[in-house]
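The residues making up each chain are set out below.
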Amino acid sequence: MTKANVAPVTGRSPDALAAVEAEIARACRDAQRDRASVTLIAVSKTFAADAIIPVIAAGQRVFGENRVQEAKAKWPALTSAYPDVALHLIGPLQSNKAKEAVALFDAIHSVDRPSICQALAKEIESQNRHPQLFVQINTGEEPQKAGIAPGEADAFIASCRDTYGLTISGLMCIPPVDEPPAAHFALTAKIAARNGLTNLSMGMSADFATAIMLGATHVRVGSAIFGHR
Ligand SMILES: *Cc1c(COP(=O)(O)O)cnc(C)c1O
């Protein structure tokens, strides 16, 4: 037996995308979930158009970026060439970038403080664009990490709705790098359930199958598709 024809699990290629797709399909079968209940976000941060185009050509239609400026520099040309591509902001957002973020992104995964809520509400109204919004939960309560502390999540989600009139569609988390992620995914799912939120943005290259077992509806996968950054 030779392994020559086996698709690599990492690397910048349509084969890597196919390997991730196969792993998502397997995780959905294991969890007795419909494949259509999980959206794969291909995280293309740091990669240029020449690396992204083959992944679009292979059929991927949802991409993630973590910086507004980087996305603004590389995506308008790509989305005009491929109008059915959706773009998700997965990184921290500053209030002074809210205007550009609402104009550019179809989803924002990093809603995590009142000033952002206020800036988003203003831009959503004036641009009449309605990106899907996720509140980021800092499940590990890490001081250097963005997100709302779990104990403050219910009140924050309520204030997004009641004070700012925002429609929150789900929650996002990034577990601490040095801990098993499952407890963080489960906590995020629990906070979402008690707040009536159905979407869960959780799971990256190393742990998206675990996240799917625990209810992820959006997995954010970068290096397993594009290779190392
Ligand atoms: C970079 C990034 C990812 C993707 O990470 P990989 O380990 O490369 O899959 C997912 N989520 C966020 C918020 C990121 O910044």
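Being a predicted model, the structure only gives us computed values, none of them experimental. (Residues numbered from 1 in each chain as written. Predicted model: local features only at pLDDT ≥ 70, side-chain atom pairs only at ≥ 80, totals over all residues. Heavy atoms only, no water.)

A. Region of the structure containing the overall build of the protein. Along the protein, the regular secondary structure elements total 9 helices and 8 strands. At 17 Å, the protein has a C-alpha radius of gyration in line with the 17 Å of a compact globule built from 229 residues. Overall, the C-alpha framework of the protein stretches about 60 × 40 × 30 Å when taken along its three principal axes. Buried residues in the protein amount to 49% of all 229 residues. Residue pairs in contact within the protein that sit at least 24 positions apart in sequence constitute 59% of those at least 6 positions apart. By element, 54% of the accessible surface of the protein is carried by carbon and sulfur atoms, the whole surface being about 10800 Å². Here the protein carries 22 positive and 22 negative side-chain charges, and the mean point of each set is 3 Å from the other. (Helix = DSSP H or I, 4+ residues; strand = E, 2+ residues; numbered from the N terminus. Rg over C-alpha atoms; globule rule 2.2 N^0.38 Å. Buried < 20%, exposed > 50% of the residue type's maximum accessible area, 1.4 Å probe, protein only. Contact = heavy atoms within 4.5 Å. Areas by Shrake-Rupley, 256 points an atom, 1.4 Å probe, with all protein chains shown as cover. Lys, Arg positive; Asp, Glu negative; His and termini not counted. Charge placed at Lys NZ, Arg CZ, Asp CG, Glu CD.)

B. Quick look at the site of the ligand. Every residue lining the ligand is accounted for by V43, K45, I90, I174, M204, S205, R220, V221, G222, S223 and R229. At a separation of 2.5 Å, an oxygen atom of the ligand approaches a polar side-chain atom of S205. Between the ligand and R229, the relevant distance is 2.7 Å, taken from an oxygen atom to a side-chain nitrogen or oxygen of the residue. Across the complex, the protein chains shield 88% of the 380 Å² of accessible surface that the ligand would expose by itself. Of the residues in the shell around the ligand, the class split is 5 nonpolar, 3 polar and 3 charged. (Near = heavy atom within 4 Å. Polar contact = N/O pair within 3.5 Å; in protein donor to acceptor, adjacent residues only side chain to side chain. Nonpolar A, V, L, I, M, F, W, Y, C, P; charged D, E, K, R; others polar.)

C. Spotlight on the side chain of K145. Along the chain, K145 turns up in the loop between strand 5 (132–137) and helix 6 (153–162). For K145, the residues in contact, after removing those within four places along its chain, are N138, I174, P175 and P176.

D. Region of interest: the packing of helix 2 (residues 49–57) against helix 3 (residues 68–81). Packing of helix 2 against helix 3 brings their axes to within 11 Å, and their N-to-C directions diverge by 35°. Judged by the sense of rotation from one axis to the other, the crossing of helix 2 with helix 3 is right-handed. Listed contacts from helix 3 to A49, I52, I53 and I56 of helix 2 are K74, W75 and L78. By residue class, the composition of the contact of helix 2 with helix 3 is 6 nonpolar, no polar and 1 charged. (Axes fitted to C-alpha atoms, helices over the stretch in contact; angles between N-to-C directions. Left-handed = near helix turned anticlockwise from the far one by under 90°.)

E. Structural detail: the nonpolar core. Counting residues in hydrophobic clusters, the biggest one holds 64 residues, and the most contacted among them are F63, L120 and V135. If we skip the residues at most four places from it in the chain, L120 touches L93, A98, V102, I108, V111, L133 and L166. (Core = buried A, V, L, I, M, F, W, Y, C linked by side-chain atoms within 4.5 Å.)

F. Fine view of the pattern of salt bridges. Applying the stated criterion across every chain, the model contains 12 salt bridges. Taking the shortest distance from any N to any O, the salt bridge between R26 and D30 comes out at 2.4 Å. You can see R26 and its partner D30 sitting in helix 1 (residues 14–30), 4 residues apart, about one turn around the helix. For D30, a relative accessible area of 46% corresponds to the partly exposed category. Linking R194 and D154 is a salt bridge whose minimum nitrogen-to-oxygen distance equals 2.9 Å. Taken together, the residues span a long stretch of sequence, with R194 in helix 7 (residues 182–194) and D154 in helix 6 at a distance of 40 residues. Each of E23, R26 and D30 takes part in one network of salt bridges that share partners. (Salt bridge = Lys/Arg side-chain N within 4 Å of Asp/Glu carboxyl O.)

G. Layout of helix 5 (residues 114–127). Between its first and last C-alpha atoms helix 5 spans 20 Å; for 14 residues at 1.5 Å apiece the expected length is 20 Å, and the two agree. Taken together, the buried positions of helix 5 are occupied by I116, C117, A119, L120, A121, E123 and I124. Structurally, helix 5 contributes buried residues whose contacts are with helix 4 (98–104), strand 4 (107–111), strand 5 and helix 6. Trailing helix 5 by a residue or two, N128 shows a phi angle of about 50°, which is positive. (Expected span 1.5 Å × (residues − 1).)

H. The pairing of strand 1 (residues 39–43), seen in detail. Within strand 1, 4 of the 5 residues are buried, which leaves it mostly tucked inside the rest of the structure. Taken together, the 4 bridges between strand 1 and strand 8 (residues 218–221) define a ladder with parallel strand orientation. Along strand 8, the bridge assignment pairs T39 with H218. Examined bridge by bridge, strand 1 and strand 2 (residues 62–65) share 2 bridges and lie parallel to one another. From the neighbouring strand, A42 faces strand 2, where its bridge partner is F63. Crossover connection from strand 1 via helix 2 to parallel strand 2: handedness right-handed. (Pairing = 2+ DSSP bridges. Right-handed = clockwise from strand over helix to strand, strands pointing away.)

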